[in-house]
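Take a look at the letters that make up each chain.
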Amino acid sequence: MRINPKLLAVVGLLPALLFMLPSFIGQQSSKQPIRNIQIKAISGLQYDQVRFKVAPGEIVHITLINTDEMAHNMVITVPNKREEVVALALKMGEEGQNKNFVPQSDFVLASSPVLLPGSTYSFNFTAPKEEGIYPYVCTYPGHGAVMYGAIYVTNEMMPPLANDSHVPPQRRGEQTKQKEAEHPYPATFPRMYRSFLPDTGPASIAVGMTNQLSYCWDAGACRFRYLWKDGFIDLSRHWGGKGKELADIVGTIFYREENMPFRVGPHKEMPESEYIGYVLEDHYPTFKYRLNGVEVEERIRPTLDKAGMYRQISFKDPNDIVWYQMPRGQQVEVDFDQGKLEGQYLKLSPSEASSFTLTIAESKQKI
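Conventions adopted
- Residues numbered from 1 in each chain as written.
- Predicted model: local features only at pLDDT ≥ 70, side-chain atom pairs only at ≥ 80, totals over all residues.
- Heavy atoms only, no water.
- Helix = DSSP H or I, 4+ residues; strand = E, 2+ residues; numbered from the N terminus.
- Buried < 20%, exposed > 50% of the residue type's maximum accessible area, 1.4 Å probe, protein only.
- Polar contact = N/O pair within 3.5 Å; in protein donor to acceptor, adjacent residues only side chain to side chain.
- Arc of directions from axis to C-beta.
- Contact = heavy atoms within 4.5 Å.
- Pairing = 2+ DSSP bridges.
- Axes fitted to C-alpha atoms, helices over the stretch in contact; angles between N-to-C directions.
- Lys, Arg positive; Asp, Glu negative; His and termini not counted.
- Salt bridge = Lys/Arg side-chain N within 4 Å of Asp/Glu carboxyl O.

Caption draft 1: Spatial organisation of the environment of Tyr 289. Checked against the element boundaries, Tyr 289 lands in strand β19 (residues 284-291). The exposure class assigned to Tyr 289 is buried, which follows from its relative accessible area of 0%. For the pair formed by Tyr 289 and Gly 277, sequence separation is twelve residues and the distance between their alpha carbons is 6.9 Å. In this structure the side chain of Tyr 289 is engaged in a polar contact, spanning 2.7 Å, whose partner is the side chain of Glu 298.

Here it is in structure tokens:
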């Protein structure tokens with residue numbers, strides 16, 4: 001009988017293979033269990049946990065729980081690319097909704113889908129072998145500037161929270177704690193809500209003020225959109241449509257702005273805009289953005305004796321003339337405490353533009 005030499009070679013290796021088998025099984029049985037990381041999206045555009053540490057190469061099981069009343073996601077990026085990923089998500093426009101506002105980019109390492117209020121999603125994340133600080137961020141339009149955290153991939157200690165520039169400023173110096181979601185009923189005002197609204201961009205925010213007045217501010221375009229009276233928004237269709245339907249305006253829109261009304265320098269040139277974020281004071285937002293590189297703060301409060309708004313504007317060191325294009329063809333009256341009119345524009349010197357107020361109120365006369 002002739003024996004195949006290849007078979008003999010395999011048979012010869014059997015003792016060695018059998019010798020290796022126990023050690024292989026032992027290696028599997030001693031494998032460390034995957035660690036669970038639970039993160040909640042909470043009210044105020046925040047994650048309850050703004051940072052955590054993993055070892056290089058470690059696999060963790062991340063569970064995102066949306067306890068907020070808005071939709072959120074979680075996108076993990078390579079170091080120092082959080083803002084770029086947020087900007088890419090904003091540029092997705094209407095396509096973003098179908099792709100969970102997760103851009104196609106090498107900067108993205110892992111992500112969850114957009115979670116509606118009350119939803120949960122889990123996924124495994126394998127930490128890179130290279131040590132570093134890997135951001136996670138909500139890329140839902142209008143959230144990314146303030147809703148983020150950091151994964152420390154390291155075997156070393158994390159820095160003190162108070163000195164950690166990788167977590168939102170308002171969360172430094174405090175102990176991370178879980179906050180329970182606020183249910184919207186009964187609604188109290190002022191309040192704000194991020195949702196898909198009619199006649200505006202996908203990154204818009206509805207702000208309900210006292211005196212039954214509300215307005216829409218578009219974070220994507222960095223500008224005010226419209227003002228309405230006698231109500232806030234109805235989210236029934238929005239929630240019923242799994243977040244894909246528009247919210248309905250409750251009340252009557254009586255003032256709109258079709259373009260950015262402010263200019264820095266030549267009044268015929270539309271400025272470049274960049275959204276920074278917002279801060280809350282007495283539950284009213286102050287929106288922050290840049291026009292041609294000049295930082296602007298805008299805070300809107302309701303008028304009390306009629307349907308309208310006080311619009312407090314601050315340009316920081318503009319070093320040039322600031323213009324405001326007066327509204328046309330609408331039934332409102334406009335008053336201002338700084339500057340002078342030149343044609344259809346309000347002209348403000350740099351010092352006047354540092355702080356001025358526009359009062360826009362409903363009128364029976366069309367201007």
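From this point, the discussion proceeds with the structure in view.
Caption draft 2: Just helix α2 (residues 82-90), in detail. Among all positions of α2, only Arg 82, Val 85, Val 86 and Ala 89 are buried. Buried residues of α2 fall within an arc of 100° about the axis and therefore sit on the same side. Residues of α2 that are buried make contact with β5 (75-77), β6 (108-111), β8 (132-137) and β9 (148-153).

Caption draft 3: Up close: unusual backbone geometry. Residue Cys 222 is not a glycine yet carries a positive backbone phi of 60°. Although it is not a glycine, His 283 sits at a positive phi angle of roughly 70°. Its location among the elements puts His 283 in the loop between β18 (273-281) and β19. A relative accessible area of 56% places His 283 in the exposed class.

Caption draft 4: Up close: the side chain of Ser 363. Mapped onto the elements, Ser 363 comes out in the segment after β26 (356-362). Look at Ser 363 and you get buried, because its relative accessible area is 17%. A polar side-chain atom of Ser 363 sits 3.0 Å from the main-chain amide nitrogen of Gln 365. If sequence neighbours within four positions are ignored, Ser 363 has contacts with Gln 331, Val 332 and Glu 333.

Caption draft 5: Layout of the sheet that holds strand β10 (residues 191-194). With antiparallel pairing, the five strands of this open sheet are ordered in space as β10-β11-β12-β13-β16. Here the strands that pair on one side only, and so sit at the sheet edges, are β10 and β16 (252-256). For this sheet, the mean angle separating the axes of adjacent strands, direction not counted, is 25°. The sheet contact formed by strand β11 (residues 204-208) and strand β12 (residues 213-218) spans five bridges and is antiparallel. Paired with Ile 205 across the two strands is Trp 217, which belongs to β12.

Caption draft 6: Representation of the side chain of Arg 82. Structurally, Arg 82 is set in helix α2. Buried charge without a salt bridge: Arg 82, with Glu 83 as the nearest opposite-charge side chain at an N-O distance of 4.1 Å. Excluding residues that lie within four positions of it along the chain, Arg 82 makes contacts with Thr 77, Pro 135, Val 137, Gly 144 and Tyr 148.

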